[in-house]
Amino acid sequence: MRKVVVFVGWMSLLSVGLCSVEAKGEKKEKSSVKKEAFGKTEDGLAVERYTLTNAVGSTAKIITYGALLTELNVPDRDGKLGDVVLGFDNLKDYLAEHPYFGATVGRVANRIAKGTFTLEGKTYKLAINNPPNTLHGGQKGFDKVVWKAEPKATPDGPSLELSYVSKDGEEGYPGTLTAHVTYTLTNDNALRIDYTATTDKATPVNLTNHSYFNLAGTKTGDILDHELTVFATKYTPTDETLIPTGEIKPVQDTPFDFTKPRRIGERIDRLKGEPGGYDLNYVLTKDKKEPTLAARVSEPKSGRVMEVLTTEPGIQLYSGNFLDGKLKGRGDVVYKKHWGFCLEAQHFPDAVHHERFPTMILKPGETYKQTTIYAFKTK
Ligand code: BGC
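Here goes a summary of the coordinates provided. On a predicted model such as this, the values are computed, not experimentally measured, just so you know.

As for the sheet that holds strand S14 (residues 190-199)
Sheet architecture is open: nine strands sit in the order S11-S12-S13-S14-S29-S23-S22-S17-S20, paired in antiparallel fashion. Strand pairing shows two members of the sheet lacking a second neighbour, strand S11 (148-152) and strand S20 (262-263), which therefore form its edges. The pairing of strand S13 (residues 177-185) with S14 spans nine bridges and is antiparallel. Counterpart to Ala 179 in the pairing with S14 is Ala 197.

And the structure:
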């Protein structure tokens, strides 16, 4: 019954354009999309912020710069809404350097060794923006471009589709790639992200979302007391520049083993090297067609639990190791080391150099598809 009412609300939203619509029905249910100006880029391009509000009052804020999630307010065990993703209040801070807070990352998320790869007999050169490698799409990746946005009707909750056409040769990659990212904030408090892409030349594609979560609320401290389970028994070891060696190793008897729930901080001191902390790709044991449970995180004080489901073969656990207290986020909060964690669903890093890794090459006529769901509950 509720679903039908919400859907009718959406139809009227579409017919009147972008304005807030209340779904009439039980309780105080509202499902809406609000659009507002969020400033201009240095090139004078207008950026908008969209607020998705679902039928139970949770909200997700997304800006068209970087198809980026700036804020996500979900209930704690007492029903109190709190923001669980790190971010800024204004465009200026997003335009300045930041570690991909909330961004859609592409054309190829994570690293490509030495910024070069060979495809169909041709060698391509990319920007070395994380010496000696390319990281997260290069100098001006998908996180630094303005996407076109369109709200969409869905019976599950408010939804926003963002689209971007990446030109042949952009950041050194072959082929014109048309990418779509759709955020849906479902009425049962899941943020579902669906990606699709098509190309006119063979090209590597690996899209993900780079949100930094803190389930206690972003103003509260580090995430070391969050309890994490990763449904993976293997990972891809890397060299000192975080490029996979090509091996696939068991997590058993290492600090990477989260097959049973453990505090993120429990064994973090055992990780060697600078800056210290988790930054690795897990090999998920799963059927790729349907989004499958990849990780669960619970935070004891707030009672919030987040489950991550994905169609991807891998997931990067990154424990905010490079946050160093230099960035001030929303509400003037200084983001220190381990203040947020990322769970980035993805193809394995540097897959272009490893035949044994699932391929990230998209060919003309094929459609790249990936779905990742961040589902929130309480306990
Ligand atoms: C990478 C880290 C990197 C971080 C911020 C993560 O996806 O795995 O190595 O520092 O993004 O750029």
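What follows continues from the structure just given.
Some remarks on empty space enclosed by the protein
Overall, the coordinates contain one cavity of 30 Å³ or more when judged by the stated rule. Counted as a void, the largest cavity has a volume near 40 Å³. Considering the residues around the largest cavity, the lining is formed by Asn 110, Arg 111, Thr 236, Thr 238, Leu 242, Asp 279, Leu 280, Asn 281, Gln 316 and Pro 349. When residues in the lining of the largest cavity are grouped by element, the largest group, three residues, is from strand S21 (residues 279-283). Residue classes in the lining of the largest cavity are distributed as three nonpolar, five polar and two charged.

Structural notes on the sheet that holds strand S27 (residues 342-346)
In space, the five strands of this open sheet follow the order S19-S18-S21-S24-S27, with antiparallel pairing throughout. Pairing within the sheet leaves two strands with one partner each, and these edge strands are strand S19 (249-250) and S27. The pairing of strand S18 (residues 234-236) with S21 spans three bridges and is classified as antiparallel. Counted as the bridge partner of Thr 236 is Asn 281 from S21.

Some points on the environment of Asp 89
Inspection of the secondary structure assignment puts Asp 89 in the loop between strand S5 (81-83) and helix H2 (91-95). If sequence neighbours within four positions are ignored, Asp 89 has contacts with Phe 38, Arg 49, Arg 330 and Gly 331.

About the thresholds
Residue positions are counted from 1 within each chain, in the order its sequence is given. It should be noted that, the model being predicted, local features are given only for residues of pLDDT at least 70 and side-chain atom pairs only at 80 or more, the latter also being counted only at that level, while totals for whole chains, interfaces and linings use all residues. In computing side-chain properties, one takes all heavy atoms of the structure into account and sets aside hydrogens as well as water. Should DSSP find at least two bridges between two strands, the strands are regarded as paired. Helix and strand labels come from DSSP, where a helix needs a run of H or I of at least four residues and a strand needs a run of E of at least two; each type is numbered from the N terminus. Method remark: on a 1 Å grid restricted to protein atoms, a set of points is classed as a cavity if a 1.4 Å probe fits but cannot get out and as a pocket if it is open with protein on both sides within 12 Å along at least five of seven lines; lining residues have an atom within 4 Å of a point. Grid points are joined across faces, edges and corners, and a volume is the space filled by probe spheres set on the points. Residues are sorted three ways: Asp, Glu, Lys and Arg are charged, Ala, Val, Leu, Ile, Met, Phe, Trp, Tyr, Cys and Pro are nonpolar, and all the rest, Gly among them, are polar. Only heavy atoms enter the contact rule, under which two residues are in contact if any of them lie within 4.5 Å.

In short, the description is geometric, and any link to function would need to be established separately.
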